[in-house]
Amino acid sequence: MKTVLITGASSGYGRETALYFHSQGWNVIATMRTPRAGVLPESDRLRVVELDVTKPHTITAAFEAAGPIDVLVNNAGVPLMSVFEGTPMARVREVFETNTFGVMATTQAVLPQFRERGFGVVVNVTSSVVLGHMPLSAVYKASKMAVEGFTASLALELAPFGVQAKTVAPGACLTTNFAANATSGASLEELVPAPYASWAKKAVGDFMGQELFTEESDVAETVWRAVHDTTGQLRFPAGPDAVWLSQAK
C-alpha cells in the first residue's frame, strides 16, 4: 500500500486531495500547521501530523513521524491579492517563505529516501496565475513562478534516480479560503493605494465575472493523475479555467 504526505491539508485543495487519495486505498499523512480534530475522517490509513513549512524542526519531526512515503504533495501556501506598490516587503518575504522556500525545504527533506529507493514523486501545487497575465498578483505569481522553475530543473536532476517532480496549477476556486485569506484580513481597499483604486475595482469585477472556475475536486483528481502519469509531462493544469489558459498560451 502506497503512502502520500500532503502539506496544507486542513482545508481546500489539500483536504480534498487527502480525501481523494484515501478513497483510492492509499495511506495518507495529512499535515497541518495547527492540527484540528474533525477536519478529516478517522481511519487507520489516515494520520494528521503537525507541519509548518516555515519551521525546519516541524519538517524534520513530520517526516520522522511519517516514515517511508511514496509521494510528497506540496500544497501548503499563502495567497495574496494586492498592488505591489502597496505591499510591504515584510509581507513579500512572508509569501515567499511559505510558497517558495517552504516547498524547497520539504522537498529537500524527502529526496534522500526517494533517491535511495529509486522511486518517488514530488508534486508541487502552483497556480493558474503562472499560465496567464493576471492583475493584483505580482508577488503571489512571482512566488509560484519560482516553484515552476525550481520543479522543472529539479525534475532533470532526479530523473537518473527514477524520481519524478511535477507541478499542478489550479485555476480560480471560489469555495476555498483563498479569497478570504488573500488580503490577510484587510479589505482590498486598504491594500490598494488610492491612485490604483478604480483600476483594482474593475480588475476584481472582471475576475469574479469570468465564466470558468475550478472545483476542489478538479485539483485532487489532477494531483492523482500527475502522480500516476508515465508520459513525462511536467505541468498539469487543474480545472477548466486553468486548462483554457494553458491551451491559450
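Residues numbered from 1 in each chain as written. Predicted model: local features only at pLDDT ≥ 70, side-chain atom pairs only at ≥ 80, totals over all residues. Heavy atoms only, no water.

Draft legend 1. Quick look at the sheet that holds strand β3 (residues 46–50). Across the sheet, which stays open at both edges, the seven strands sit in the order β3-β2-β1-β4-β5-β6-β7 with parallel pairing between neighbours. The two strands at the open ends of the sheet, each matched to only one other strand, are β3 and β7 (235–238). Averaged over all neighbouring strand pairs, the angle between strand axes comes to 20 degrees, with direction disregarded. Where helix α4 (residues 138–158) meets the sheet, its contacts fall on β5 (120–125), β6 (163–170) and β7, and the angle it forms with β6 comes to roughly 160 degrees. (Pairing = 2+ DSSP bridges. Helix = DSSP H or I, 4+ residues; strand = E, 2+ residues; numbered from the N terminus. Axes fitted to C-alpha atoms, helices over the stretch in contact; angles between N-to-C directions. Contact = heavy atoms within 4.5 Å.)

Draft legend 2. Spatial organisation of helix α3 (residues 89–117). The first and last C-alpha atoms of α3 sit 41 Å apart over 29 residues, in line with the 42 Å expected at 1.5 Å per residue. In the stretch just after α3, glycine 118 is the one whose phi turns positive, near 75 degrees. (Expected span 1.5 Å × (residues − 1).)

Draft legend 3. Quick peek at the pairing of β6. Burial analysis of β6 places seven of its eight residues in the buried class, the great majority of the element. Bridge analysis of β5 against β6 gives six bridges, and the strand direction is parallel. Of the residues in β6, the one forming a bridge with asparagine 124 is threonine 167. (Buried < 20%, exposed > 50% of the residue type's maximum accessible area, 1.4 Å probe, protein only.)

Draft legend 4. Representation of the pattern of salt bridges within the structure. The tally for this structure, following the rule as stated, stands at three salt bridges. Aspartate 70 is the partner of arginine 117 in a salt bridge, and the nearest nitrogen-oxygen pair spans 3.0 Å. Of this pair, arginine 117 sits in helix α3 while aspartate 70 sits in the loop between α2 (56–66) and β4 (71–74), and the two are 47 residues apart along the sequence. Among the ionic pairs, arginine 91 bridges to glutamate 94, the shortest N-O distance being 3.1 Å. In this pair, arginine 91 and glutamate 94 both sit in helix α3, three residues apart, roughly one turn of the helix. For arginine 91, a relative accessible area of 17% translates into the label buried. On the accessibility criterion, glutamate 94 (44% relative accessible area) is partly exposed. (Salt bridge = Lys/Arg side-chain N within 4 Å of Asp/Glu carboxyl O.)

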